[in-house]
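Each chain is listed here by its residues.
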Amino acid sequence: MVEYGKYSNELYELQASRWEWKRLKPKPPKNGNPPCPRLGHSFTLIGHRAFLFGGLANDSEDPKNNIPRYLNDIYTLEMRSNSNQMSWDAPVYFGQPPPPRESHTSVAYQEKDGKRSRLVIYGGMSGCRLGDLWQLDIESMTWSKPMVHGVPPLPRSLHSATLIGHRMFVFGGWVPLVMDDIKVATHEKEWKCTNSLACLNLETMAWELLSMEGFEDAVPRARAGHCSVAIHTRLYIWSGRDGYRKAWNNQVCCKDLWYLETEKPSAPTRVQLVRASTNNLEVCWGTVPTADSYLLQLQKYDMPPTTTTAVSPALSAAISTPAVTPALSSGTLPPSPVASGVPTTSPLVSSSVVPSPATPLAATATVTSVLTPALSAPPVAVSPRPAVQQQSLIARPIAPGQTQIRLPVRGMTPTTLTLSPTTTVRPTINVVRTEW
């Protein structure tokens, strides 16, 4: 049975600049026949070559009948730019190839030195769900089955595997519910969709445990046959279907979009002063691609009241009053006692500005202050310091590549500006969902 399609060996190209599809007709390989019509295969780009592996073919000459045959063959297709001549190649490989399969995943991984590349094949279907992992060394064209450590996920098919850095994230798919013997099973009694997430470190070849925090409605529902893509450090999941114990014409198709933040955001560039006045302080900084918003902290001094003492005219000439209020110059802000680790005795002023994510930040921000108690400072034998307060606000990017905001400081003398992105630090599914 072929669901929603047919066995095919056609090749198409989407010209994204014009949004036009074009059918390509590569030449057959010099040493054999072109790839046979199939489905459930993988097609992975490594350098200038696309690697076609596995799939499910139909050995019946009658298209109305279906005699399935699992494949483990491999073909390459040269993908040179501005080249009108394409041809398939059936490369000679060494070692034991993976068993035949379909509905598996493959990712391209490049070593740290940038010289060696690997094609990593995981999971799939071959009469039962598979959970094995294989790799092909591109330079030597040698297949191998590496030793993998850690607790492996359940065998699965129609899942997604996405490479982010040196980690492969496996999400969803169909997993066995009951198996006669997980080691030697050739068929499954029942199966179900899953929304489990697994992570394989391709440097250490070990499965890593992930912290999945959140409520039920903050995690994508179980699905298979979905799409996934990595953008920077985010893993995006879209669509799929739930086919557990349901007829083919009664499956539930998903139409939601989720993303997973997998890394702590990098530090933004240093805050720079644009202009300053007695009422406003305008600063800017470079954006972080994966940051939704930024926490901008403004620390300032409140000068204590001065005490007037009577001094003799002879001493007044020898006394000079040093300036204790630092000034802004060339956008450089001197460190404050708080930044140096000195506790403060004044209350902390916490302010936040959260514009809508769909609209850029306005030129002027409205700050609402909320007083919260701060830690008391231990007694020190020094001259009295001016009280230090801190303003914090959340800002969103105003334009790609730069963030700029105007702070209503109202006569305050700023001493330190610190900036940090506020995206989730550990891998968790964010409650960000779009539905059509």
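In this text the structure is predicted, and so the values were computed from the model without any measurement.

Overview of the overall build of the chain
Helix and strand content of the chain: 1 helix and 31 strands. Counting only residues that meet the buried cut, the chain has 39% of its 436 residues in that class. Intrachain contacts of the chain at a sequence separation of at least 6 include 65% that bridge at least 24 residues. Accessible area for the chain stands at about 25200 Å²; split by element, carbon and sulfur atoms hold 55% of it.

A word on the pattern of salt bridges
All told, the structure shown has 12 salt bridges when counted by the stated rule. Asp 137 is the partner of Arg 116 in a salt bridge, and the nearest nitrogen-oxygen pair spans 2.5 Å. Residue Arg 116 is found in the loop between β7 (105-110) and β8 (117-125), and its partner Asp 137 is found in strand β9 (residues 129-137); the two are separated by 21 residues along the sequence. In this structure, the salt-bridge partner of Arg 275 is Glu 282, at a minimum N-O distance of 3.0 Å. Residue Glu 282 is classed as buried on the basis of its relative accessible area of 7%. Through salt bridges with shared partners, a single ionic network connects Arg 167, Glu 208 and Glu 263.

Description of the sheet that holds strand β5 (residues 68-78)
With respect to topology, 4 strands assemble into an open sheet ordered β3-β4-β5-β6, the strand pairing being antiparallel. Looking at strand neighbours, the two that pair on one side only are β3 (42-46) and β6 (88-89), the edges of this open sheet. Sheet topology places strand β4 (residues 49-58) next to β5; 9 bridges connect them, and they run antiparallel. Bridge assignment links Phe 51 to a residue of β5, and that residue is Thr 76.

Details of the pairing of β5
Relative to β6, β5 runs antiparallel, the two sharing 2 bridges. Paired with Thr 76 across the bridge in β6 is Asp 89.

Description of the side chain of Arg 38
With respect to the helices and strands, Arg 38 occurs in the loop between β2 (20-24) and β3. Within the structure, Arg 38 has its side chain in polar contact with the backbone oxygen of Cys 36 (distance 3.1 Å). Leave out the neighbours within four places in its chain, and Arg 38 touches Tyr 7, Ser 8, Leu 52, Gly 54, Leu 56, Leu 71, Asp 73 and Tyr 75.

Re the nonpolar core
Counting 13 residues, the largest nonpolar core has Tyr 122, Leu 133, Met 168, Val 170, Leu 200, Leu 202 and Trp 207 as the members making the most contacts within it. For this core, the elements supplying multiple residues, two or more each, are β7, β8, β12 (167-171) and β15 (197-201). Non-local contacts of Met 168, meaning those with residues more than four positions away in its chain, are made with Val 107, Val 120, Tyr 122, Leu 133, Ala 161, Thr 162, Leu 163, Ala 198, Cys 199, Leu 200 and Leu 202. Counting residues in hydrophobic clusters, the runner-up holds 11 residues, among them Ile 46, Ile 74, Ile 121 and Trp 134.

Quick notes on the environment of Ser 117
Its place among the elements puts Ser 117 in strand β8. Judged by its relative accessible area of 17%, Ser 117 is buried. Along the backbone, Ser 117 and Gln 135 are 18 residues apart, and their C-alpha atoms lie at a distance of 9.9 Å. Other than its neighbours up to four places away in sequence, Ser 117 contacts Ile 46, Tyr 109, Gln 110, Leu 136, Asp 137 and Ile 138.

Examining the sheet that holds strand β11 (residues 160-164)
Spatial strand order, β11-β12-β15-β16: 4 strands in an open sheet with antiparallel pairing. Both edges of this open sheet fall to β11 and β16 (206-208), since each of them pairs with a single strand only. For this sheet, the mean angle separating the axes of adjacent strands, direction not counted, is 30°. As paired strands, β11 and β12 are joined by 5 bridges and run antiparallel to one another. Bridge pairing links Ser 160 to Phe 171 in β12.

Side note on the confidence of the model for the chain
Looking at the chain as a whole, the pLDDT averages 74, with 62% of positions reaching at least 70. The model gives residues 411-415 a pLDDT under 50, and that stretch makes 21 contacts with residues more than four places away or in other chains.

Digging into the packing of aromatic side chains
A full pass over the atoms with the stated rule returns 7 aromatic pairs. Aromatic pair Tyr 236 and Tyr 259: ring centres 5.6 Å apart, planes at 40°, arrangement tilted. With Tyr 236 in strand β18 (residues 234-238) and Tyr 259 in strand β21 (residues 256-261), the pair connects residues that are 23 residues apart, well separated along the chain. We classify Tyr 259 as buried; its relative accessible area is 6%. Ring geometry for Trp 285 against Tyr 294: centres 5.8 Å apart, planes inclined by 70°, an arrangement best described as edge-to-face. Take Tyr 294: its relative accessible area is 0%, and that puts it in the buried class. Taken together, the ring pairs connect Phe 43, Tyr 75 and Trp 88 into an aromatic cluster.

Conventions we followed
- Residues numbered from 1 in each chain as written.
- Predicted model: local features only at pLDDT ≥ 70, side-chain atom pairs only at ≥ 80, totals over all residues.
- Heavy atoms only, no water.
- Helix = DSSP H or I, 4+ residues; strand = E, 2+ residues; numbered from the N terminus.
- Buried < 20%, exposed > 50% of the residue type's maximum accessible area, 1.4 Å probe, protein only.
- Contact = heavy atoms within 4.5 Å.
- Areas by Shrake-Rupley, 256 points an atom, 1.4 Å probe, with all protein chains shown as cover.
- Salt bridge = Lys/Arg side-chain N within 4 Å of Asp/Glu carboxyl O.
- Pairing = 2+ DSSP bridges.
- Polar contact = N/O pair within 3.5 Å; in protein donor to acceptor, adjacent residues only side chain to side chain.
- Core = buried A, V, L, I, M, F, W, Y, C linked by side-chain atoms within 4.5 Å.
- Axes fitted to C-alpha atoms, helices over the stretch in contact; angles between N-to-C directions.
- pLDDT = per-residue confidence, 0-100.
- Phe/Tyr/Trp six-rings, centres within 6.5 Å; stacked < 30°, edge-to-face > 60°.

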